[in-house]
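So you can see what is in the structure, the chains are spelled out below.
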Amino acid sequence: MGQYKEVFHPLPPVLYQLLIKTIYSVLFSIIFFFSDNQIRFVKSVLWYHGYDRPELYRLPSDGSAGSRELLLAFSWLLHRLSLLEQLLARNRVKTGDQTSVQKAITEIAPEYGLEDRVDVRYLQWLNGRLRFQWRSLHAQHQELCKLLHKIHVFTSGSHMDQILGHFSVTETDLVRQPENYKQLLQLLESETMQLEAFLEWKQLEPVYWQWMVMNQTDFERCSFLDSNIYHTLFFSFPFFLFSLQVKTGGEDLQTEEFSVAARKIQESVELKLLDLTYLCAEKKNKMHGSCRLVFRSKHPASKTGFERSIFKEHVSAVSATEVIRELQMREASLDRELKQLREECRQRLDKIAEGLDGVICISP
Amino acid sequence: MSIVTVQLGQCGNQIGREVFNAICSDVHGTHGLCSKKENESYRDACKERFFCEEETEVPVARAVLVDMEPKVISQTLSMAARSGYWKYDDRSRFCQKQGSGNNWANGYSVHGPRHKEVIMNLVQKEAEKCDRLGGFFTIMSMAGGTGSGLGAFVTQCLRDAFPTSFILNHVIWPYGTGEVIVQNYNSVLTLSHLYQSSDAILVHENDVIHKICSQLMNIKQISFRDVNQVIAHQLGSVFQPTYTAEGGLHYSRNPLGDLMETLVPHPEFKMLGLRNIPQMPENSLAYSTFSWPGLIKHLRQMLIANAKMEEGIDWQVQPPSRLLPPLQPFPNRPLHFNTSIANLVILRGKDTHGVDLGSFQDPSLYTSWLNPRDAFNAWKTPRAFNKYEKSASLVSNSQFLLKPLDNVVGKAWNMFASKAYIHQYTKFGIEEEDFLDSFTALEQVISSYTIL
């Protein structure tokens, strides 16, 4: 184990760079120069995504040590965020026909204390601006759809792919400006290279995880057994636990404490598996995320979606009417909620107004 | 991004025609004073906004013409076509055989619902012709019969049919000594209804424009056409293309949205006033030169002192000194100082990039709860407008209209107290309660503007 320490020593900056580059290219699109601000940045991003291993946050901010922790963090990100899949999705050659369907996330609004230094009229002002900006965005979206529709209608019947039937925006642009084909070709070639690299990685992946297991298992057992990092890794790589047992079999670790902890982990893994199967079943027919708009003249305004992940072999299609219906139901329920809240507010105001002499409350 | 104009009543149709005329002649004029490329961008942006390009014909204005009588509409259509530069779509009009006799209730409760479907169909057709609908611009008078009653109803229908669109109502404030006895009733009813459905109400006062015509434009016999042309010039100076961001590369494609966002996000404060300088007879233009500092100084004082034009400004009025911390209201504000909520300055012509607008960003000009960073905006273009080498416009959400509004509501209330002429309204379904609702709503607006 000592050997590893020496070998890793010059690596922390490199690993930080790796983390930074990964984070930047996947989660943002900025290129930076290396600085200690970046270390803080890396830590805060990991924290945001739920990485709760305290050793990482205790690493010095000059980037001089911590290669093992960083490697662990990197592997965790790799798995947790599906980094490579996201990179591939981001670097895909765009058809121009994309749109995104977001499932509304119910968040409980945090309780704010009344700030008596802020005039409520200013808040109303800001709220109004937000509303108007949303309207402008809405108009822009409608324009985009209208123009997309025009393209689809004008080019229908021209595509080689009979199922698709019409050109995408990128293809139409190519017809208008054929000299851009070189650029497009380059992009497609680079995408192909990335996909090939990814396939290669997939084949070699087990080697990486085994190597990870080997250099991580000489740690304080208590912290690693409780950390959800290892839960995540266990969850996707059950052989992790097996190799762990194999690895530490030589030492006298078959203690009561160890087997209890191992059983705990096993149970939580099974629970998570159950959870996931349930979620998968629920979401099978629902679209989420990016999808491509395809025009179908027989069934007016239907959409075909391509899954973001490239693993699936079949193409799952969802019709626009379905998505619209779902969104309308969601809108109706939010509307009801809003009305209810407004009514409650109004009643509260009325009660207050009753207590005041000579005051007439006119509700909006 | 396109604006659909709805011209309502005699007033609305006549002004609408002058507006399109002014815009068109500005675009075709050779006094752009800018590069050819700039001129072309300006022209393209303007065309997209107001006109529909037909293949071989002249551009067609994106407008719907509504009136109860056929006479004004046919006049409007033919005069437009005669210009040779633009025209209206012949089918985009609605009129009936008889007028509504200056009766607001008749327009709102009878003619409105009766013809709603036909009118909204016309609007829908115009809206669909737009690749991107930027909103609606309605033009009407506040005090007449058709324009006001029907106009209020149509605005409501627009809001119902297009809940996410921007609606700007341009209203003509009647002469103080107007001819219509019930003009104050009509005004109160119109304004209170518009306040509910519209996003912003841009006001031109007849008295003010009349003065501009006589004192600035030196017109002896002032006709409605003269008044309308001044109004059209002022509106054109607001709605012709501009760059809304510092260092913007393209003309804004969202003028109504940008205007609303900078001036009227607060639902209580929707009244907008408009000032434009310089204003002079066309034949004097060649002999005049203007400097930006001079124009800005005058415009600012017009804002502060609530002056209606660049002559006769009261230079004594000054903003109060800032002795109190920011969040306290100004108790020592002079009574005739015009407090603003938000201001938009639009500069057109030579050397707009170097203009110093710091004087408009003085916090003492504004109400306490809004800082100048949020409250003040400037749009610019190097392209000169309508032969004025330099022109500056101010669209202001301020106490400009507080006194006129208070006047009108006061007079209407006095009439209402003696129930004069109420039967004309109750006859068609506008009850006393509706009047009371309108009074309440406007009193609320007056109070909100007063305590700025």
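Residues numbered from 1 in each chain as written. Chains lettered and ligands numbered in written order. Predicted model: local features only at pLDDT ≥ 70, side-chain atom pairs only at ≥ 80, totals over all residues. Heavy atoms only, no water.

The name given to chain B in an unreviewed UniProt entry is Tubulin delta chain, with Athene cunicularia as the source organism. Regarding chain B, the relevant UniProt record gives this comment under Cofactor (unreviewed entry): "Mg(2+)". (UniProt positions renumbered as here; feature names shortened; annotations may be inferred.)

Under an unreviewed UniProt entry, chain A has the name Tubulin epsilon and delta complex 1 and belongs to Athene cunicularia.

Let us look at the confidence of the model for chain A. Residues and elements named next belong to chain A. Overall, the prediction assigns chain A a mean pLDDT of 70, with 61% of residues at 70 or greater. Below pLDDT 50 for its whole length, residues 29-33 participates in six contacts with residues either more than four positions away or in separate chains. This model gives residues 219-226 a pLDDT under 50, and the stretch forms 17 contacts once residues within four places in sequence are excluded. (pLDDT = per-residue confidence, 0-100. Contact = heavy atoms within 4.5 Å.)

What follows concerns the packing of helix α1 (residues 9-28) of chain B against helix α3 (residues 70-83) of chain B. All names here are of chain B. Close contact between α1 and α3 brings their axes to 9 Å; oriented N to C, the two are set at 5°. By the angle between their directions, the pair α1 and α3 is classed as roughly parallel. Together, Q10, N13, Q14, R17 and N21 of α1 and V72, I73, Q75, T76, M79, A80 and S83 of α3 make up the contact between the two elements. For the contact of α1 with α3, the per-class residue count stands at four nonpolar, seven polar and one charged. (Axes fitted to C-alpha atoms, helices over the stretch in contact; angles between N-to-C directions. Helix = DSSP H or I, 4+ residues; strand = E, 2+ residues; numbered from the N terminus. Parallel < 35°, antiparallel > 145°, perpendicular 65-115°, else oblique. Nonpolar A, V, L, I, M, F, W, Y, C, P; charged D, E, K, R; others polar.)

Right, let's talk about the confidence of the model for chain B for a bit. In the predicted model, chain B carries a mean pLDDT of 90, and 96% of its residues have values of at least 70. Here the prediction assigns the complex a pTM of 0.78, and the interface score ipTM is 0.91.

Residue and element names in this part refer to chain B. Per the stated rule, a full pass over the model turns up 25 aromatic pairs over all chains. Taken together, a centroid distance of 5.0 Å and an interplanar angle of 90° make the contact between F269 and Y449 edge-to-face. Here the residue F269 occupies a position in the loop between α9 (255-263) and β9 (271-277), and Y449 occupies one in helix α14 (residues 432-450), the gap between them amounting to 180 residues. With a relative accessible area of 2%, F269 lands in the buried category. Centroid distance F360 to F376: 5.6 Å. Interplanar angle 10°. Geometry classified as stacked. In this pair, F360 sits in the loop between β10 (340-349) and α11 (372-375) while F376 sits in strand β11 (residues 376-381), placing the two residues 16 residues apart along the sequence. (Phe/Tyr/Trp six-rings, centres within 6.5 Å; stacked < 30°, edge-to-face > 60°. Buried < 20%, exposed > 50% of the residue type's maximum accessible area, 1.4 Å probe, protein only.)

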